[in-house]
Amino acid sequence: MSQIESLKQDLHQRFAGKDFNLEHTVGDDVLCLDKQDVLPVFRHLKESCGFDFLMDVCGVDYLNRENREKRFDVVYHLFSSRKVQRLRVKTQVGENETVDSLTSIWKGADWFEREAYDMFGLRFAGHPNLRKILTHHEFVGHPLRKDYDADRQQPCSSPLPTHFMGDNPLKPAALDSNLVPINIGPSHPATHGTLRVMCALDGERIAKANVEIGFLHRCFEKMAETHPYNQVIPYTDRLNYCSAPINNVGYCKAVEKLLGVEIPPRAQAMRVVLCELSRIIDHIICIGANAVDLGALTGFFHLFTYREKVYSLFEKLCGARLTVSMTRIGGMAQDAPEGWFDEVLKVCKEIERGVDELDVLLTGNKIWQERTQGVGAISAEEAIAWGYTGPCLRAAGVNLDLRKVTPYYGYETLDFDIPIGTTGDVFDRYKVRVEEMRQSLRIIRQVAKNAPGGDYTIRNRDIVLPEKKDVYGNIEGLMNHFMLVIKGLRPPVGDIYDATEAANGELGFYLVSDGSGMPYRLKVRPPCFAIYQSFVESITGGLVADVIAILGSMNLIAGELDR
C-alpha cells in the first residue's frame, strides 16, 4: 500500500463520515480540509501518523477566487522523520474568520502563525501572543495581500516599545523594581544591527526576555510576485548571503520540479560542489563569528583566509564573489572553465589543514569549553517541537539530513557521514559544524575527481535562453531569445514545496503558479526562523554572558530570517 493510500485509510477510520480531499500532485501529498477540522486532524497527524515536524505555515491570497467569501488559503507543511514523508495541508478562510492555532501541538507554530497574521491578516484562535512580527507597530495593512501596492512604504516615526512575552507592546507590564531592563542589540556588535533582545536582569541572570526581528525585512516574497522567474534568482542570493549558491540552487530546483524537468549530470555535479563549498564557508562564518564574539579573535582571522579562497573559486566561475547568481532554471549560467575542478581539489587540501588547525585552536581550549559546554542545551524532543533542522537539530541527537533521507543530485551515490551530537549545547553545535566541514570536503573530492562531461544546461527553448552565437547567428535563435524574454518562463498552473539541506538546515520554497510569467506566490521556509523562536526560552534563567554564545551558535542570518 502506498503512503498516500495508507494515510487515506487512517484518516477514514479515525474521522468516520468526514470526506477529506487527499491527492498526490506534482510529487506532493496534499490534504484539503475544513477549518473546523484543523485542530483534531493535526493532533491525529502528529500523534498517530508520525508527522513530528511542522515545517511551515503560510498564507496565500486568492483575491479573484470565485468564492470570494473564502479568499485565503492557510497552508501547512508537515514532515515525518520516521516515514520520510511530507504532507501539505490546506484550509480556506474568509476575511473575518479564524482558524485554530497549532501552538498547543507544536511550539514552532508560534512565529509561523504570527507571520501569516502580519503579512495577510489571518487570525489564529487560541494563539497566546498573536501580534506583528516583521512589520513595525505603526504599520497599517498586510503587505502580502494582492491588493497591497508593492511600492507602498510606511516608515516608523516613533520609538520602538519595550515589551516582554504576553505583554501589550504599547502598554508594557511594570517590571519588578529589582530587575534592570536592558536592550542587547540591535546596536550590540554580536547582533549585527538586525536583532533586538530585550532582557530584564536580576543581577547577572536573565529573569525575563523577548526578541524582536524585522530590522532587515527586504520584502523578498512580495518582489518575487512582481518579477519573472529568472529575475528572482539574484534576490535569492540575499537570503542567506553567507552561502548564496545554496539559495540559488534551492529556488531553481523548486521551479524545475514544477516544470517537471531534470538538469544534466554536469549541472548537477556543479551544483553539488557549489553547495558543499558554500556549506563550508557558512560554517566558517558561524564558528568564526561565534568565537570572536566570545573573545577568540585568532580563529576568526584564521578561518576567513579559507573563505576568501572559496570566493576566488566562485569568481573564476561567474565573476562574482558574495552574491553570485550562478544557477539558472534548467542548469547553470555557464560551464566551469578549464581546470576549475582541479583548483577546487587544491583548495580542499588547504581547507582541510585549516579545519585541523581550528580543531587545535578551539576544541581543547579550556576557555572555549567553559563558555560553550552545557550552555543553551536542548533535548531532541524540544528541538523537533520548535522545528529545528540542520546542525542545531543534529547536535541535539536527531539524525536527519535531507542529503541522506531524500537525496537529490546524486547524493545517494556519495560516501559521507552525518555527524550527530548528544546534548544540543553550544559546544556540540560547534563540533557538528567542524565535522560537517570535513564531510563536505569528502563530497567535493568525490564529485570533482569524477565530474561528468556534457552540457551544463538543458536545451529547451521555452525554459533556457539560447547561446549568444545562436542569437546573433540565426533567425531561429534570435526569435527564441525574443519570445522567452517577452513572454517569460511559464510553469504550469499548480503549487509545490521543495526543500534542500542548506548550511543552516531545511531551506524550503513553496511555489504557487497561475500559469503566468511570474510566481503567484513564493514562500521561503528559512532554517533559522524556526530555530530563533526558541531563543527566549534558551536564555531565560541563564547568565547574560551566555546570550551571545547561544545567539552565535544558532547562526542567524538576518537576510533569510526577516526576508
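The sections below set out a description of the structure shown in this document. Since we're looking at a predicted model, the values are computed, not measured.

Another aspect to go through is a nonpolar patch on the surface. Taken together, the side chains of L465, I475, L478, M479, F482, M483, V485 and I486 define a hydrophobic patch exposed on the protein surface, amounting to about 770 Å² of accessible area. Mapped onto the elements, V485 comes out in helix α16 (residues 475–487). Overall, the relative accessible area of 52% leaves V485 in the exposed class.

Further remarks concern unusual backbone geometry. With the exception of glycine, most residues fall at negative phi, and the peptide bonds are largely trans. Backbone geometry places N555, a non-glycine residue, at a positive phi of 55°. Despite not being glycine, R563 has its phi angle at roughly 55°, a positive value. Tracing the backbone through its elements, the reader meets R563 in the segment after α20 (558–561).

Structurally, D118 is set in helix α3 (residues 109–120). Put simply, D118 is tucked away with no salt bridge, and the nearest opposite charge, on K132, sits 5.5 Å away. A polar side-chain atom of D118 sits 2.8 Å from the main-chain amide nitrogen of L134. Polar side-chain contacts of D118 include one of 2.6 Å to the side chain of T135. In this view, D118 contacts K132, I133, L134, T135, G141, H142 and P143; residues no more than four positions away in its chain are not counted.

What follows deals with the side chain of S440. Summarising the element assignment, S440 is placed in helix α14 (residues 426–449). Within the local environment of S440, its side chain forms a polar contact with the side chain of E276, the two groups lying 2.8 Å apart. Sequence-distant contacts of S440, that is, excluding residues within four places in its chain, are made with E276, R279, I280 and R403.

Considering all chains together, one arrives at 16 aromatic pairs under this definition. Each ring, one from Y411 and one from F416, has its centre 6.1 Å from the other, and the planes form 65°; the classification is edge-to-face. Each member of the pair Y411 and F416 is classed as buried. Counting every residue linked through ring pairs, the aromatic cluster contains W111, F112, F529, Y532 and F535. Here K253 stacks its cationic end above the ring of Y408, 4.7 Å away from the centre of that ring.

Along the chain, C242 turns up in the loop between α5 (233–237) and α6 (244–259). By relative accessible area, which is 9% here, C242 ends up buried. Separated by 41 residues in sequence, C242 and H283 place their C-alpha atoms 9.0 Å apart. If we skip the residues at most four places from it in the chain, C242 touches S278, I281, D282, I285, R307 and I557.

Below, the discussion takes up the sheet that holds strand β2 (residues 28–32). If you walk across this open sheet you meet the 5 strands as β1-β2-β5-β4-β3, and the pairing is mixed. Edge positions in the sheet fall to β1 (21–25) and β3 (53–61), since each has one partner strand and no second. Going from strand to strand, the sheet's axes swing by 20° on average, the running direction of each strand aside. Of the strand pairs in this sheet, β3 and strand β4 (residues 72–80) are connected by 8 bridges, and their pairing is antiparallel. From the neighbouring strand, D56 faces β4, where its bridge partner is H77.

Turning next to the nonpolar core. Formed by 171 residues in total, the largest nonpolar core has its most connected members in L31, F42, L45, Y76, Y251, Y532 and F535. In this structure, F42 is in contact with Y76, L78, V89, L102, I105 and W106, ignoring residues within four places of it in sequence.

Now for the pairing of strand β9 (residues 196–202). A regular strand places its side chains on the two faces of the sheet in alternate fashion. Here β9 lies mainly inside the structure; 6 of its 7 residues are buried. Direction of pairing for strand β8 (residues 180–184) relative to β9: antiparallel, over a ladder of 5 bridges. Counted as the bridge partner of I184 is V197 from β9. One ladder, built from 7 bridges, connects β9 with strand β10 (residues 205–212); its direction is antiparallel.

Ordered by their spatial adjacency, 3 strands build an open sheet running β13-β14-β15, and the pairing between neighbours is antiparallel. Edge positions in the sheet fall to β13 (494–502) and β15 (521–525), since each has one partner strand and no second. Neighbour to neighbour, the strand axes of the sheet diverge by 15° on average, direction disregarded. When β13 meets strand β14 (residues 505–513), the two strands line up antiparallel, connected through 9 bridges.

It is worth spelling out the pattern of salt bridges at this point. Applying the stated criterion across every chain yields a total of 44 salt bridges. Close ionic contact of D61 with R71 constitutes a salt bridge, the shortest N to O distance being 2.7 Å. Taken together, the residues span a long stretch of sequence, with D61 in strand β3 and R71 in the loop between β3 and β4 at a distance of 10 residues. Residue classification places D61 among the buried positions, given a relative accessible area of 2%. Put simply, D359 and R438 hold a salt bridge, and the shortest N to O gap is 2.8 Å.

Axis separation between helix α9 (residues 340–363) and α14 bottoms out at 10 Å; the angle between their running directions is 160°. When the axes of α9 and α14 are compared, the pair comes out roughly antiparallel. You can see that α9 and α14 cross each other, and the crossing is left-handed. Here the residues of the contact of α9 with α14 sort into 15 nonpolar, 1 polar and 7 charged.

Rules and cut-offs
The residue numbers shown here count from 1 along each chain, following its written sequence. Local features in this predicted model are restricted to residues of pLDDT 70 or higher, and side-chain atom pairs are both shown and tallied only at a pLDDT of 80 or more, whereas totals for entire chains, interfaces and linings draw on every residue. Calculated side-chain values reflect all of the structure's heavy atoms, with hydrogen atoms and water omitted. Here the term patch refers to residues with relative accessible area over 30% and no salt bridge, with like charges joined within 9 Å and nonpolar side chains (Val, Leu, Ile, Met, Phe, Trp, Tyr) within 5 Å. For accessible areas, the Shrake-Rupley method is used with a probe of radius 1.4 Å. Any residue's cover is judged against the shown protein chains and nothing else. Note on definitions: salt bridges are taken to be side-chain nitrogens of Lys or Arg within 4 Å of carboxyl oxygens of Asp or Glu. Helix numbers and strand numbers start at the N terminus; a helix is a DSSP run of H or I with at least 4 residues, a strand a run of E with at least 2. Burial classes follow relative accessibility: with a 1.4 Å probe on protein chains only, a residue under 20% of its type's maximum area counts as buried, one over 50% as exposed, and anything between as partly exposed. Positive charges come from Lys and Arg alone, negative charges from Asp and Glu alone, with His and the N- and C-terminal ends not counted. In protein, a polar contact requires one atom able to donate a hydrogen and another able to accept it; more generally it is a pair of N or O atoms within 3.5 Å, and residues adjacent in sequence count only if both atoms are side-chain atoms. Throughout, a residue-residue contact means that at least one pair of heavy atoms, one from each residue, lies within 4.5 Å. Working definition: a ring pair exists when centres of Phe, Tyr or Trp rings (six-membered ring for Trp) sit within 6.5 Å. Plane angles under 30 degrees give stacked, over 60 give edge-to-face, the rest tilted. In this scheme, Lys NZ or Arg CZ marks a charge over a ring once it lies within 6 Å of the ring centre and within 35 degrees of the ring normal. Strand pairing is defined by DSSP finding a minimum of two bridges between the two strands. In this analysis an axis means a line fitted to C-alpha atoms, helices contributing only their contacting stretch, and an angle means the value between N-to-C directions, from 0 to 180 degrees. Within this scheme, the nonpolar core is defined by two criteria: the residues are buried Ala, Val, Leu, Ile, Met, Phe, Trp, Tyr or Cys, and they are joined through side-chain atoms within 4.5 Å. Roughly parallel means an angle under 35 degrees; roughly antiparallel means over 145; roughly perpendicular covers 65 to 115; every other angle is labelled oblique. Should the near helix be turned anticlockwise from the far one by less than a right angle, the crossing is termed left-handed; should it be turned clockwise, right-handed. Put simply, Ala, Val, Leu, Ile, Met, Phe, Trp, Tyr, Cys and Pro go in the nonpolar bin, Asp, Glu, Lys and Arg in the charged bin, and everything else, Gly too, in the polar bin.

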